[in-house]
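# Coordinates in review
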Amino acid sequence: MRSPGPQGPAGEAPPPALTDHDAVRATFSWRQAREQLAGLPGGRLNIAHEALDRHLGTPTAERIAMRFLPRQGEPVDISYRALAERANRFANLLAALGVKPGDRVYGIAHRTPDLYAAALGTLKHGGVFTPLFSAFGPEPIRSRVEIGEPVVLVTTERLYRRKIADWIGETPSAQRVLLIGEVAEAPPGTLDAGQAMSEQSPDYATRPMAPEDPALLHFTSGTTGRPKGAIHVHEAVVAHHVTGRYALDLQPRDIYWCTADPGWVTGTSYGIIAPLTNGVTMVVDEEEFDAERWYRILEQERVTVWYTAPTAIRMLMKLGPALARRHDLSALRFLASVGEPLNPEAVHWGRATLGRPFHDNWWQTETGGIMIANVAGMPIKPGSMGRPVPGIEAAVARRTDDGIELVKDPAETGELALKTPWPSMFRGYLHEEARYRKCFVGDWYLTGDLARRDEDGYFWFIGRADDVIKSSGHLIGPFEVESVLMEHPAVAEAGVIGVPDEVAGETVKAFVSLKPGHAPDEALRREILGLARKRLGPAVAPRQVEFRERLPRTRSGKIMRRLLRARELGLPEGDTSTLEGGRE
Ligand code: AMP
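The structure presented is a predicted model; accordingly, all values stated were derived computationally and were not measured.

Calculation notes
- Residues numbered from 1 in each chain as written.
- Predicted model: local features only at pLDDT ≥ 70, side-chain atom pairs only at ≥ 80, totals over all residues.
- Heavy atoms only, no water.
- Helix = DSSP H or I, 4+ residues; strand = E, 2+ residues; numbered from the N terminus.
- Rg over C-alpha atoms; globule rule 2.2 N^0.38 Å.
- Buried < 20%, exposed > 50% of the residue type's maximum accessible area, 1.4 Å probe, protein only.
- Areas by Shrake-Rupley, 256 points an atom, 1.4 Å probe, with all protein chains shown as cover.
- Lys, Arg positive; Asp, Glu negative; His and termini not counted.
- Charge placed at Lys NZ, Arg CZ, Asp CG, Glu CD.
- Phe/Tyr/Trp six-rings, centres within 6.5 Å; stacked < 30°, edge-to-face > 60°.
- Lys NZ or Arg CZ within 6 Å of the ring centre and 35° of its normal.
- Near = heavy atom within 4 Å.
- Polar contact = N/O pair within 3.5 Å; in protein donor to acceptor, adjacent residues only side chain to side chain.
- Nonpolar A, V, L, I, M, F, W, Y, C, P; charged D, E, K, R; others polar.
- Salt bridge = Lys/Arg side-chain N within 4 Å of Asp/Glu carboxyl O.
- UniProt positions renumbered as here; feature names shortened; annotations may be inferred.
- Contact = heavy atoms within 4.5 Å.
- Axes fitted to C-alpha atoms, helices over the stretch in contact; angles between N-to-C directions.
- Parallel < 35°, antiparallel > 145°, perpendicular 65-115°, else oblique.
- Left-handed = near helix turned anticlockwise from the far one by under 90°.
- Core = buried A, V, L, I, M, F, W, Y, C linked by side-chain atoms within 4.5 Å.
- pLDDT = per-residue confidence, 0-100.
- Pairing = 2+ DSSP bridges.
- Expected span 1.5 Å × (residues − 1).
- Arc of directions from axis to C-beta.

Take the overall build of the chain next. For the chain, the helix and strand inventory stands at 18 helices and 28 strands. Relative to a compact globule of 584 residues, whose C-alpha radius of gyration would be 25 Å, the chain shows 24 Å and is just as compact. Here the C-alpha coordinates of the chain stretch approximately 70 × 60 × 50 Å along the principal axes. Burial statistics for the chain: of 584 residues in total, 59% are counted as buried. Surface accessibility of the chain: about 23000 Å² in total, with carbon and sulfur atoms responsible for 50%. When the 70 basic and 75 acidic side-chain charges of the chain are each reduced to a single mean position, those positions are 0 Å apart.

Before going further, it helps to examine the packing of aromatic side chains. Applying the stated criterion across every chain, the model contains 21 aromatic pairs. Residues Phe440 and Tyr445 carry aromatic rings whose centres are separated by 5.5 Å and whose planes lie at 50° to one another, so their mutual orientation is tilted. Pair check on accessibility: Phe440 and Tyr445 agree, each one buried. Taken together through their ring pairs, the aromatic side chains of Trp422, Phe426, Tyr429, Tyr436, Phe440 and Tyr445 make up a single cluster. The ring of Tyr458 carries Lys381 above its face, with NZ or CZ at 4.9 Å from the centroid.

This next bit is on the site of the ligand. Of all residues adjacent to the ligand, which total 17 residues, the nearest are Asn361, Gln364, Thr365, Arg464 and Lys470. For the ligand, a nitrogen atom lies 3.2 Å from a polar atom in the backbone of Gly339. Here Glu340 contributes a backbone N or O atom positioned 3.3 Å from a nitrogen atom of the ligand. Across the complex, the protein chains shield 96% of the 500 Å² of accessible surface that the ligand would expose by itself. Taken together, the elements giving at least two residues each to the shell around the ligand come down to strand S14 (358-362) and strand S23 (459-464). Residue contributions to the shell around the ligand peak at three residues, all from S14. Looking at the shell around the ligand residue by residue, the classes come out as seven nonpolar, five polar and five charged.

The final tally for this structure, using the stated rule, is 44 salt bridges. Residue Arg86 pairs with Asp114 through a salt bridge whose shortest N-O separation is 3.1 Å. Taken together, the residues span a long stretch of sequence, with Arg86 in helix H4 (residues 80-96) and Asp114 in helix H5 (residues 113-124) at a distance of 28 residues. Across the salt bridge formed by Asp467 and Arg561, the nearest N and O atoms sit 3.4 Å from each other. Placement of Asp467 in the loop between S23 and strand S24 (469-471) and of Arg561 in helix H18 (residues 561-569) is noted, with a sequence separation of 94 residues between them. For Arg561, a relative accessible area of 10% gives the class buried. Where salt bridges share partners, they join Lys509, Glu546, Arg548 and Glu568 into one cluster.

The subject of this paragraph is the UniProt feature "domain: AMP-dependent synthetase/ligase" (unreviewed entry) in the chain. As annotated by UniProt and renumbered to match this structure, "domain: AMP-dependent synthetase/ligase" (unreviewed entry) occupies residues 61-430. From the first C-alpha to the last, residues 61-430 spans 36 Å; its make-up is 32% helix and 25% strand.

Moving on, we get to the side chain of Asn361. Within the fold, Asn361 resides in strand S14. Side-chain polar atoms of Asn361 contact the side chain of Tyr307, separated by 2.7 Å. Leaving out residues up to four positions away in the same chain, Asn361 has contacts with Leu248, Tyr307, Ala336, Ser337, Val338, Gly339, Ile370, Ile372, Ala373 and Met385.

Before going further, it helps to examine the packing of H4 against H5. Their axes nearest at 7 Å, the elements H4 and H5 cross at an angle of 60°. Here H4 lies oblique to H5, going by the angle between them. When the axes of H4 and H5 are compared, the crossing they make is right-handed. Seen from H4, the contacting residues are Leu83, Ala84, Arg86, Ala87, Asn88, Phe90, Ala91 and Leu94; seen from H5, they are Pro113, Asp114, Ala117, Ala118, Leu120, Gly121, Thr122 and Lys124. Its residues assigned to classes, the contact of H4 with H5 shows 10 nonpolar, three polar and three charged.

A word on the nonpolar core. Within the largest apolar cluster, 97 residues are counted, with the highest numbers of intra-cluster contacts made by Tyr256, Leu276 and Tyr307. Residues Tyr106, Leu179, Val508 and Leu514 belong to the second largest nonpolar core, which totals 45 residues.

The next point concerns the UniProt feature "domain: AMP-binding enzyme C-terminal" (unreviewed entry) in the chain. Under the UniProt annotation, the feature "domain: AMP-binding enzyme C-terminal" (unreviewed entry) is placed at residues 480-558. Annotation note: span residues 480-558, helix share 27%, strand share 32%, distance between end C-alpha atoms 15 Å.

Taken over all residues, the pLDDT of the chain has a mean of 94, while the share at 70 or more is 97%. For the stretch residues 1-11, pLDDT sits under 50, and the model shows 28 contacts to residues farther than four places along the chain or on other chains.

As a further point, take the pairing of strand S26 (residues 491-501). In terms of residue burial, S26 counts as a mostly covered element, since eight of its 11 residues are buried. Bridge count for S26 against strand S27 (residues 505-514) is 10 bridges, and the pairing is antiparallel. Paired with Asp501 across the strands is Gly505, a residue of S27. Counting the residues in the hairpin turn of S26 and S27 gives three residues.

On to helix H10 (residues 265-277). Most of H10 sits out of view: 13 of its 13 residues are buried. Trailing H10 by a residue or two, Gly279 shows a phi angle of about 70°, which is positive.

On to helix H17 (residues 522-536). The end-to-end C-alpha distance of H17 is 21 Å, a good match for the 21 Å that 15 residues give at a rise of 1.5 Å each. For H17, the complete set of buried residues consists of Leu524, Ile528, Leu529, Ala532 and Leu536. Projection of H17 onto a plane perpendicular to its axis shows the buried side chains occupying an angular sector of 135°, all on one side. Residues Ala523, Arg526 and Lys534 are exposed on H17 and point more than 90 degrees away from its buried face. Gly537 sits one or two positions beyond H17 and adopts a positive phi of about 90°.

What follows covers unusual backbone geometry. Cis geometry marks the peptide bond from Thr420 to Pro421, where omega comes out at -10°. As for its placement among the helices and strands, Pro421 is situated in the loop between strand S19 (414-419) and strand S20 (428-429). Even without being glycine, Asp249 reaches a positive phi, approximately 60°. Note on placement: Asp249 falls in the loop between helix H9 (236-246) and strand S10 (255-258).

Right under this line is the structure:
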């Protein structure tokens with residue numbers, strides 16, 4: 001019925017890495033955590049050294065690092081040694097192209113081994129890697145390229161032709177475009193990376209980096225303005241490694257599947273780095289969500305640790321337990337979820353249908369790694385994000401005139417705050433120092449999430465303090481969507497909000513008012529939706545567009561999304577004293 005997984009049968013489940021959360025918390029220090037890693041001479045380190053090189057003198061070298069499942073065809077197994085060699089070829093290619101340490105390399109491609117080799121090869125060479133979601137439309141890609149000015153873009157021929165070729169000549173940065181995967185004919189100005197890598201040596205001396213040297217740049221969205229580029233440094237690997245162990249319970253014999261795309265921070269921190277530093281076998285599926293396929297992967301690959309997202313879990317739940325029960329899922333020993341609130345029913349469903357409960361955990365692009373988790377060996381509170389992992393202090397804070405006040409009352413809601421520093425904390429928003437500084441009050445980083453802490457120290461997610469939208473786990477900035485809608489010649493103003501959706505958590509809904517001379521009819525609605533889909537891509541574009549004669553604005557002219565949302569959902573309108581023209 002099934003082929004054995006890459007490592008053979010999982011056998012007895014090992015005891016969890018974190019059996020006594022309180023005891024580990026009490027004695028934990030980041031300095032000691034760093035000693036779990038190899039480091040490089042002179043206090044230096046490199047994420048890729050920890051992920052790959054340090055295993056090479058050990059039996060892990062011949063273990064399967066990645067079992068790649070192509071859309072069609074047979075799985076491809078890549079050992080730690082072979083992955084290191086691929087990354088080395090990529091690093092050598094960067095060197096041959098004159099790429100210098102600190103230069104940015106963007107990856108815009110679906111999941112294939114060469115994307116992972118590019119990420120790790122960039123890190124080896126001391127470059128800064130930025131993954132972008134391949135389902136983005138041309139607009140989000142372009143704006144992120146303009147902000148981050150990469151010297152190299154790694155993509156595929158198809159994505160290049162469809163989403164990049166039209167505008168790349170107008171951006172002075174991206175001097176090199178490397179095409180991974182099948183290349184039928186490299187368009188002018190691009191290079192067939194597979195061919196070029198095959199001409200490079202498989203040996204490369206990984207560059208020793210200072211712990212504070214930038215390694216990764218992850219884009220995220222805010223309420224206003226352009227996307228924000230969160231800078232992470234090589235030291236972050238300490239947090240990736242220990243949280244992989246503590247919050248995901250990764251252990252060397254595990255077969256681990258993180259379903260997140262490396263285009264998002266989860267798919268990098270826990271889809272590339274943490275599994276490799278912990279020496280596990282990671283499953284990488286090229287295909288997008290497909291319930292039958294996913295159950296088949298869990299069964300056939302004998303996945304032991306599975307890290308996924310509430311939207312996917314809800315889609316599986318919707319299809320019912322019968323499908324799950326047709327598969328032998330007995331290898332699963334630890335299930336975790338991140339990215340959006342996980343309903344208590346999903347935790348119970350996991351237990352009843354998959355044989356294990358889901359462990360919810362919380363973090364965000366800026367934190368670089370898991371901060372709050374229902375860890376193994378600690379009772380799960382369904383609906384709660386869990387407790388801070390060792391090394392992390394979290395609190396609920398109330399903003400005051402001269403700073404913040406920490407909330408003690410377990411019934412009270414406030415902003416979720418984290419005590420600085422920790423290794424994977426972002427070190428800046430690229431080119432936006434003031435925006436970065438605004439996130440901190442004294443020793444505390446304010447996350448923009450509203451939460452409550454109960455009497456047992458478990459944190460409960462309440463909502464966002466701002467207007468960003470979470471759809472299928474993807475954080476979407478309303479401003480980015482509104483800007484594209486405004487490009488339509490008929491649109492006068494646009495306001496974008498998230499509306500609840502049973503499966504995706506929220507979906508994007510746009511309200512637009514039209515310029516004089518345009519009629520709000522179905523044809524125009526479709527045209528606007530079509531433009532948004534084409535420019536933004538389906539993951540970011542609104543699902544609905546509704547016409548309004550005018551949109552509520554503050555006296556200073558800002559569209560009041562909060563009010564649009566309240567009206568749409570029948571919620572209390574709150575303070576409308578700043579509404580243009582007073583209350584309507
Ligand atoms: P991102 O930076 O794209 O990873 O999005 C981070 C945001 O996702 C957080 O600030 C939260 O608003 C939300 N989020 C992440 N994990 C959880 C969780 N376990 N429960 C509720 N919301 C979450």
